[in-house]
Amino acid sequence: MKRRTISFSPTSNDIVGLIDPPTPAFKVLPPWYKAQPVTTNGEDLRIQDRGVVNVTVKKCMPVLDDLIAGYIVCLASDVQVVSDENQNQSFHWSLILPDTVEPLISSHSTAQVSHFPIPNGYSINPFKFTNYWKIKTPPGYSCLFKHPVWHGEVPFLSLSGIVDTDTHPVPVNFPFLIRSGWSGVIYAGTPIMQIVPFRREFWSSEVVADDSECSLGRKEYNKSSRKMMNRYKENWREVKQWK
């Protein structure tokens, strides 16, 4: 399979060595995932009713493939969030930034999302993380930007989007919501965005009128259950690489 290259260029030479570029996601696996046992409750591996095996999310290849997909942008500095008596929030970071670059965090106008149903518990005021690295993909390739959902509880929610990074001429900043009234510190190294490149293609859909495809699939899956482990991994999963 041909390997494609995504490039990350600094918005200013002043941030090189100061702010890390996006990192392959497989290098930023969350601590909980590393600590997660393979079997439930630390038990020995065993087959339960109807062929179910007592394995945990640690053996789920779709979860792993989501975790390691693409590249992770991590917060460049400790950030203290201060909420006043009116629940207005301000951001203060410890990193001393050069005068030549944008601030680490800035605000969006609430009017930009006036009709968006803000999730419960989040402030109606949107903000954005500055991205100090311009992203360039090969012709015909775009990037999905999404919240790193498997990295655990954080007081912010990064908002997703798709950008045609093969043609877009400037860096992509990352809008986010903050939990309403939350005060505390978000620490440097916290994943704030996951970037997944993909090839643009035209798609159409169809609805099949009979269940033959599902029936064949079930027979194939049942055949794979002769082994208690790695059914999906050994029969259907394709290895993905992001370096």
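Above this note sits the structure.
Throughout what follows, the structure given in this document is the object of discussion. (Residues numbered from 1 in each chain as written. Predicted model: local features only at pLDDT ≥ 70, side-chain atom pairs only at ≥ 80, totals over all residues. Heavy atoms only, no water.)

1. Focus: the packing of aromatic side chains
And step 1. Counted according to the given criterion, the structure contains 10 aromatic pairs.
And step 2. When the ring of phenylalanine 145 is compared with that of phenylalanine 174, the centres are 6.0 Å apart and the planes differ by 40°; the resulting orientation is tilted. Placement of the pair is phenylalanine 145 in strand 9 (residues 141-146) and phenylalanine 174 in strand 12 (residues 174-178), with a sequence separation of 29 residues.
And step 3. Ring centres of phenylalanine 156 and phenylalanine 176 lie 6.3 Å apart, and the angle between their planes is 75°; on these two criteria the pair is classed as edge-to-face. In this pair, phenylalanine 156 is assigned in strand 10 (residues 156-158) and phenylalanine 176 in strand 12, connecting sequence segments 20 residues apart. With respect to burial, phenylalanine 156 and phenylalanine 176 carry one shared label: buried.
And step 4. Ring pairs connect the aromatic residues Phe91, Phe127, Phe129, Phe156 and Phe176, which therefore count as one cluster.
And step 5. Above the ring of tyrosine 33, the side-chain terminus of lysine 58 is found at 5.4 Å from the ring centroid. (Phe/Tyr/Trp six-rings, centres within 6.5 Å; stacked < 30°, edge-to-face > 60°. Helix = DSSP H or I, 4+ residues; strand = E, 2+ residues; numbered from the N terminus. Buried < 20%, exposed > 50% of the residue type's maximum accessible area, 1.4 Å probe, protein only. Lys NZ or Arg CZ within 6 Å of the ring centre and 35° of its normal.)

2. So, the sheet that holds strand 4 (residues 79-83)
Across a sheet, strands are paired by hydrogen bonds formed along the backbone, either parallel or antiparallel in direction.
And step 1. In spatial order, the strands read 5-4-13; together these three strands make up an open sheet with antiparallel pairing. Of all the strands in the sheet, the pair left with one neighbour each is strand 5 (89-93) and strand 13 (184-186). Here the strands of the sheet are splayed against their neighbours by 30° on average, with no regard to which way each runs.
And step 2. Two strands pair when backbone bridges link them, and strand 4 and strand 5 are joined in this way by five bridges, in the antiparallel orientation. From the neighbouring strand, serine 83 faces strand 5, where its bridge partner is glutamine 89. (Pairing = 2+ DSSP bridges. Axes fitted to C-alpha atoms, helices over the stretch in contact; angles between N-to-C directions.)

3. What about empty space enclosed by the protein?
And step 1. Taken as a whole, this structure holds two cavities of 30 Å³ or more when the rule is applied.
And step 2. By volume, the largest cavity is sized at about 100 Å³.
And step 3. Ile19, Val73, Cys74, Thr130 and Tyr132 are, among the 15 residues lining the largest cavity, the residues nearest its centre.
And step 4. Looking at the lining of the largest cavity, its residues break down into 12 nonpolar, two polar and one charged.
And step 5. In this structure, the second largest cavity spans a volume of roughly 40 Å³.
And step 6. In this structure, the second largest cavity is lined by His147, Pro148, His151, Gly152, Val154 and Pro191. (1 Å grid on protein atoms, 1.4 Å probe; cavity = no way out; pocket = protein on both sides within 12 Å on 5 of 7 lines; lining within 4 Å. Points joined across faces, edges and corners; volume = space filled by probe spheres on them. Nonpolar A, V, L, I, M, F, W, Y, C, P; charged D, E, K, R; others polar.)

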